[in-house]
Amino acid sequence: MSKPIGIGLAGFGTVGAGVYKNLQRNGALLEQRIGRTFEVKKIAVRDLSKARDVQAPASLFTSNPDEILGDPSIQIVVELMGGIDLPLAFVKKAIAAGKIVVTGNKALLAEHGNEIFELAREKRVPVLYEAAVAGGIPIIKSVREAFVGNRFEAIHGILNGTSNYILSRMTGEGLDFAPVLAEAQKLGYAEADPALDINGWDAAHKAIILASLAYGFWIDPKDVLVEGIEKVTAADIRFAEELGYRIKLIASIKADESGAIEVRVVPTLIPKSHVLASVNGVFNAVAVKGDVVGEALFYGRGAGQDPTSSSVLGDLAEAAAFLESPRQSVGFTAHSLYGRSKPIDDTISKYYLRLGVEDRPGVLAQIAGTLAKADIGILSVIQPEGLVDGSVPLILTLHDAPFGPMKKTAQELASLPCVKGTPLLLHMETFQ
Ligand SMILES: NC(=O)c1ccc[n+]([C@@H]2O[C@H](COP(=O)([O-])OP(=O)(O)OC[C@H]3O[C@@H](n4cnc5c(N)ncnc54)[C@H](OP(=O)(O)O)[C@@H]3O)[C@@H](O)[C@H]2O)c1
């Protein structure tokens, strides 16, 4: 019988402790399936005195992650500490030492994927990261392996459970953002500091990883349009509903005919009939469109101890297979099929525009004139009953237009004397 494969766990929080617990639970099953066993040799944490829900022998714990790197019996390091600077240094040292890396750290890969995978390629060390995108959904393996024979036309996803929970509650109960966020925090669905979930950046980190993998080059976060859900009101959700749409925080990844890639994560109106419109609560979903496979849909839990551990266990099995028979590249392969991000201002979309206006004749003509001057066509106009922020709401949906001119025109409209308050501009996605 071959010796157990030595693992070092850097981090024993929600996910790290879950990996330990589930290795105990399903270690024998893994052995039956892959013919190898795993043994956790060291666990690095910040606070050695902390009480823990999942128990492990005290002798395994250290407060110095470098002890994992110095242990020759450890072949796989699992980085689940969170943050960026420490994990970056840790992962680079692990690769340099020839240890396989498994990580769930999306912020680290979105910011430093280029540098990490350059080093990994040079040293021929796998870096695996299924847990970094959509928790328990095996979307990385699918994009990297199952769909390797496809060109990706588009990937759309709901990649943040907290914001999806908040928007679902707002939609279901007609509530505004602030009270739903407060309740989500009370129930533990939102962190005490929910900034990255709410402002779109958690989902954007995942979108950057997916897009980079699908198109073969690391997308610069500066080229990604990211907007949060905090500006969406209960009234907007109601108006969208009247138009036949639902508002979701959608990660949208697309290639145009010239091969330029656009990535955006913004609150988006999507048709109520589209399958992503029915993804509610803390669930995540990813819809992939490949030129060979057509449409494929993935749905599941995008975070949490057990779903995320499931992805880490899958990566451990892949690492074990690599140890049996090393291959040239595992994790991420840069390729030259695509390689250019589309400037945000050139990306084309339909839009929802909410204006607060004076209730008098001639207002619509003035607004239509400003849009016509910018060559932006109107798809529909509704003027719902009631006031929003003290003025009469006017809702326009607008034909395809580049984002730069659209943004500028929305600012021009805001400065018209007949327009009150700040307009709300949202993207619309019809999936055509
Ligand atoms: N939670 C999820 O559902 C989820 C889902 C997908 C991906 N992820 C990613 O997985 C990673 C871990 O998330 P988590 O929720 O498990 O985080 P967490 O609960 O905050 O756990 C972090 C762990 O790392 C340890 N740690 C932090 N800084 C350290 C340091 N300087 N030296 C040694 N140990 C240190 C902490 O030690 P103490 O225990 O002593 O504080 C803790 O055990 C993050 O990158 C996150 O984005 C999480």
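Up top you'll find the structure we're talking about.
What comes next is a walk through the structure.

Some thoughts on helix H1 (residues 14–34)
Residues three or four positions apart in an α-helix share a direction because the helix packs 3.6 residues into each turn.
Right, on to step 1. Taking 1.5 Å per residue, 21 residues should reach 30 Å; H1 reaches only 26 Å between its end C-alpha atoms and comes up short.
Right, on to step 2. The largest bend in H1 is about 60°, located at asparagine 26.
Right, on to step 3. Along H1, the positions that sit buried rather than exposed are Val15, Gly16, Ala17, Gly18, Val19, Tyr20, Asn22, Leu23, Gly27 and Leu30.
Right, on to step 4. Along its buried surface, H1 packs onto strand E1 (5–10), strand E2 (38–44) and helix H11 (305–324).

Digging into the site of the ligand
Right, on to step 1. The immediate surroundings of the ligand are formed by 23 residues, with Phe12, Asp47, Lys50, Arg52 and Gly304 found nearest.
Right, on to step 2. Side-chain polar atom of lysine 106 to an oxygen atom of the ligand: 3.3 Å apart, as the coordinates give it.
Right, on to step 3. Between an oxygen atom of the ligand and a main-chain N or O atom of glycine 304, the distance comes to 2.7 Å.
Right, on to step 4. Considered on its own, the ligand offers 900 Å² of accessible surface; in the complex 79% of this is hidden by protein.
Right, on to step 5. The residue makeup of the shell around the ligand, split by class, is ten nonpolar, eight polar and five charged.

Quick word on the packing of helix H5 (residues 139–146) against helix H9 (residues 201–215)
Right, on to step 1. Orientation of H5 relative to H9, taken along the N-to-C sense of each, is 10°, at an axis distance of 9 Å. In terms of orientation, H5 and H9 fall into the roughly parallel class. Across the interface between the two elements, Ile139, Ile140, Val143 and Arg144 of H5 pack against Ile209, Leu210, Leu213 and Ala214 of H9.
Right, on to step 2. Grouping the amino acids of the contact of H5 with H9 by side-chain chemistry returns seven nonpolar, no polar and one charged.

Focus: the side chain of aspartate 315
Right, on to step 1. Relative to the assigned elements, aspartate 315 resides in helix H11.
Right, on to step 2. Despite its burial, aspartate 315 pairs with no opposite charge; the closest candidate is arginine 144, at 5.1 Å N-O.
Right, on to step 3. In contact with aspartate 315, other than residues within four places in its own chain, are Val102, Leu128, Tyr129, Glu130 and Ala131.

Points about the packing of aromatic side chains
Right, on to step 1. In total, this model carries ten aromatic pairs according to the counting rule given.
Right, on to step 2. Here the aromatic rings of phenylalanine 12 and tyrosine 20 are separated by 5.7 Å at their centres, their planes lie at 70°, and the arrangement is edge-to-face.
Right, on to step 3. On the numbers, 6.5 Å between centres and 70° between planes, the contact of phenylalanine 147 with phenylalanine 152 is edge-to-face. Taken as a pair, phenylalanine 147 and phenylalanine 152 share a single burial class, namely buried.
Right, on to step 4. Aromatic rings pair up to connect Phe117, Tyr129, Trp218 and Phe332 into one cluster.

Each value, and the rule that gives it
Residues numbered from 1 in each chain as written. Predicted model: local features only at pLDDT ≥ 70, side-chain atom pairs only at ≥ 80, totals over all residues. Heavy atoms only, no water. Helix = DSSP H or I, 4+ residues; strand = E, 2+ residues; numbered from the N terminus. Expected span 1.5 Å × (residues − 1). Bend = angle between axes of the 7 residues up to and from the residue. Buried < 20%, exposed > 50% of the residue type's maximum accessible area, 1.4 Å probe, protein only. Contact = heavy atoms within 4.5 Å. Near = heavy atom within 4 Å. Polar contact = N/O pair within 3.5 Å; in protein donor to acceptor, adjacent residues only side chain to side chain. Areas by Shrake-Rupley, 256 points an atom, 1.4 Å probe, with all protein chains shown as cover. Nonpolar A, V, L, I, M, F, W, Y, C, P; charged D, E, K, R; others polar. Axes fitted to C-alpha atoms, helices over the stretch in contact; angles between N-to-C directions. Parallel < 35°, antiparallel > 145°, perpendicular 65-115°, else oblique. Lys, Arg positive; Asp, Glu negative; His and termini not counted. Salt bridge = Lys/Arg side-chain N within 4 Å of Asp/Glu carboxyl O. Phe/Tyr/Trp six-rings, centres within 6.5 Å; stacked < 30°, edge-to-face > 60°.

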